[in-house]
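Each chain is listed here by its residues.
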Amino acid sequence: DGFPASRLFNQGYSYTYDDVIFLPHYIDFPTDSVQLSTKLSRNLNLSIPCVASPMDTVTESSMAVAMAALGGIAIVHSNNSASDQASIVRSAKSHRIPFVSDLIFKSPSDSISSIDDFGSSPCILITESGTRKSKLLGAITKSDWQVLNDKETRVSVYMAKSPVSAPSDYDFEQVAAYLAAKNLEFVPLVNEEDGEVVDVVTAAEVERIREFPKMGMPSVGPDGKFMVGVAIGTRELDKERLEHLVKAGANVVVLDSSQGNSIYQIEMIKYVKKTYPELDVIGGNVVTMYQAHNLIQAGVDGLRVGMGSGSICTTQEVCAVGRGQATAVYKVSSVAERSGVPVIADGGISNSGHIVKGLVLGASTVMMGSFLAGSNEAPGAYEYQGGCRIKKYRGMGSLEAMTKGSDARYLGDTAKLKIAQGVVGAVADKGSVLKFVPYAMQAVKQGFQDLGASSLQSAHELLRSGVLRLEVRTGAAQVEGGVHGLVSYEKKSF
Ligand code: XMP
């Protein structure tokens, strides 16, 4: 019944995730016994197979902290100066595990309109200097701020003075008990000696942390801090950048290129391996077995797969080069697996079914841009468009991003004419990744259960041995597989 992957992917077609469908197999275990723990690269383990893309509208400090807290990882983008990128890494690493809230400070004389982004924080903290380095005077909560119309008024008029706080030496259980006893939504933890805020802990966070054993433990590096990845290019200047990033504590480096099979990348892989033998290096992007083979020979510890499959990508249209993502992931994984090199399926993920497909077809993790953009943790402020709350999400090959430096990714930084390979867009407000990623992971577990695969390794074995079968979906089958025939419906899935 159906086709083994080896036959389906050898007929000369370039299949995307939506083109293919798995046939169900046999279930002999409950959903919760599915294990999604995996490898990002040869030497880095993750509890969940999720990676945030190195894009300037996806990954800075808040995203890095949240993804690591979930047991995944985020790769900090390099569309900035080396020192800015290093300070993002440092900021993510300054968090006390397992707490994740951003600390945003204002002074009493700042105007309400100067507050435009709460990040992952439930409140703005008010101190005399407007920085962490002075005593906590008050706080403005996100819910209070959202209904304030008088944006030109000073912060001091609206702040709740002397908010309830707890001592910073409280451990997790003490903070949890304190929040519960006082029925608080959040509490700042304050250093009793100098009155400085060290953390803000929310009741939702306490609940999430209690779920760790079930959902997966946070990703922690050998330094005892949240694990953080960084992206760099393949130029001489990137060697200097990497030095800053390694000093800041980066745990893994991704060589960020849309076509990774180049002499520049191969030389950079060799340089990184020689200069920082302890640091895993991820190469890419690749979509063919030949490209993968070359980077594996050069010594990569992980491969990033995808060309033109991203939601904001126009590479396939502009350059006529790329591959359907399902075929690319399957083909590259079949080479990478033999060498023990984990594959990251990068781009084209717009629902949990796509995550299942990427992973079962051979990837060890999925890298996501649009899926995580528009969240509280993505950089940038929310705006309103047609009554909808949105955040900007743009391709790193868009003209707008390239004028900030990302043209090196497309090897176009020395060219006089800039050719866009991506677009600038926006995505709807999704809330916090800390909330929606665990739901997506639960859905992925259900997909694995339907396939009779209790782990990624087991899924890969079932696929390679031909036990798992697939078929191509016709256009009508794709319509049938989505919601159809209704006048309207509510699109909420959790
Ligand atoms: P998703 O589908 O998750 O894709 O939004 C994110 C991935 O897309 C790649 N990327 C680009 N590809 N032009 C491209 O052809 C671009 O401007 C661009 N920006 C990002 C990248 O691999 C990312 O992880």
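Counting starts from 1 at the beginning of each chain's written sequence and moves along it residue by residue. Per-residue local features of the predicted model are confined to residues with pLDDT of at least 70, and side-chain atom pairs are confined, for both listing and counting, to 80 or more; whole-chain, interface and lining totals are unaffected and use all residues. The side-chain figures draw on all heavy atoms in the structure; neither hydrogens nor water molecules are used.

### So, the sheet that holds strand E14 (residues 229-232)
Piece 1. We call two strands paired when DSSP finds no fewer than two bridges between them. The numbering of helices and of strands both runs from the N terminus, where a helix is a DSSP run of H or I of at least 4 residues and a strand a run of E of at least 2. The strand order around the closed barrel formed by eight strands is E5-E6-E14-E15-E16-E17-E18-E19, and the pairing between neighbours is parallel. Taking the axes of each pair of neighbouring strands and ignoring which way they run, one obtains an average angle of 25° across the sheet.
Piece 2. Two elements, strand E6 (residues 73-76) and E14, share two bridges in a ladder whose sense is parallel. In the sheet register, Val76 faces E14, and the bridge partner there is Val230.
Piece 3. Any two residues whose heavy atoms approach within 4.5 Å are treated as being in contact. A fitted line through C-alpha atoms represents every axis, and for helices the fit uses only the stretch in contact; the resulting angles, taken between N-to-C directions, go from 0 to 180 degrees. Sitting on the sheet, helix H9 (residues 236-248) is in contact with E14 and strand E15 (252-255), with an inclination near 165° to E14.

### Notes on the site of the ligand
Piece 1. Put simply, a residue is near a molecule or strand once any heavy atom of it comes within 4 Å of that molecule or strand. Around the ligand there are 25 residues in total, and Cys313, Thr315, Asp346, Tyr393 and Gln421 lie nearest to it.
Piece 2. The separation between an oxygen atom of the ligand and a polar side-chain atom of Ser53 is 2.6 Å.
Piece 3. Side-chain atoms alone can form a polar contact between residues adjacent in sequence; in general such a contact is a pair of N or O atoms within 3.5 Å, and within protein one must be able to donate a hydrogen while the other accepts it. Within the backbone of Gly369, a nitrogen or oxygen atom sits 2.8 Å from an oxygen atom of the ligand.
Piece 4. Burial of the ligand by the protein amounts to 97% of the accessible area it has alone, namely 520 Å².
Piece 5. Three classes are used: nonpolar for Ala, Val, Leu, Ile, Met, Phe, Trp, Tyr, Cys and Pro, charged for Asp, Glu, Lys and Arg, and polar for all others, with Gly counted as polar. Residue classes in the shell around the ligand are distributed as eight nonpolar, 14 polar and three charged. Reported accessibility uses the Shrake-Rupley method at a 1.4 Å probe radius. Residues are deemed covered only where the shown protein chains occlude them.

### Considering the environment of Ala74
Piece 1. You can see Ala74 is positioned in strand E6.
Piece 2. For every residue, the accessible area obtained with a 1.4 Å probe (protein chains only) is divided by the maximum for its type, and the residue is called buried under 20%, exposed over 50%, and partly exposed between those limits. A relative accessible area of 0% places Ala74 in the buried class.
Piece 3. Residues Ala74 and Ser62 lie 12 residues apart in sequence; the distance between their C-alpha atoms is 9.7 Å.
Piece 4. Residue contacts for Ala74: discarding those within four places in its chain leaves Ala52, Thr59, Met63, Ala64, Met67, Val228 and Gly229.

### Looking at the pairing of strand E21 (residues 388-394)
Piece 1. In this structure, strand E20 (residues 383-385) lies alongside E21, joined through three bridges in antiparallel fashion. Of the residues in E21, the one forming a bridge with Glu383 is Ile390.
Piece 2. Connecting E20 to the next strand, E21, in antiparallel fashion are two residues, including Gly386 with a positive phi near 55°.
Piece 3. Bridging between E21 and strand E22 (residues 424-428) involves five bridges; their strand directions are antiparallel.

### Some words on the UniProt feature "active site" (unreviewed entry) in the protein
Piece 1. The UniProt entry lists Cys313 and Arg409 under the feature "active site" (unreviewed entry), expressed in the numbering used here.
Piece 2. Exposure remark for Cys313: the relative accessible area of 29% places this residue in the partly exposed category. UniProt positions are given in the numbering used here, feature names are shortened, and annotations may be inferred rather than shown by experiment.

### Examining the sheet that holds strand E11 (residues 166-167)
Piece 1. Strand order in the open sheet formed by three strands is E11-E12-E13, with mixed pairing between adjacent strands. Looking at which strands have only one partner, the edges of the open sheet turn out to be E11 and strand E13 (197-202).
Piece 2. Pairing of E11 with strand E12 (residues 186-190), which is carried by two bridges, proceeds in the parallel orientation. The partner of Ala166 across the bridge, within E12, is Leu189.
Piece 3. Helix H6 (residues 172-182) rests against E11, E12 and E13 of the sheet, and its axis sits at about 135° to E12.

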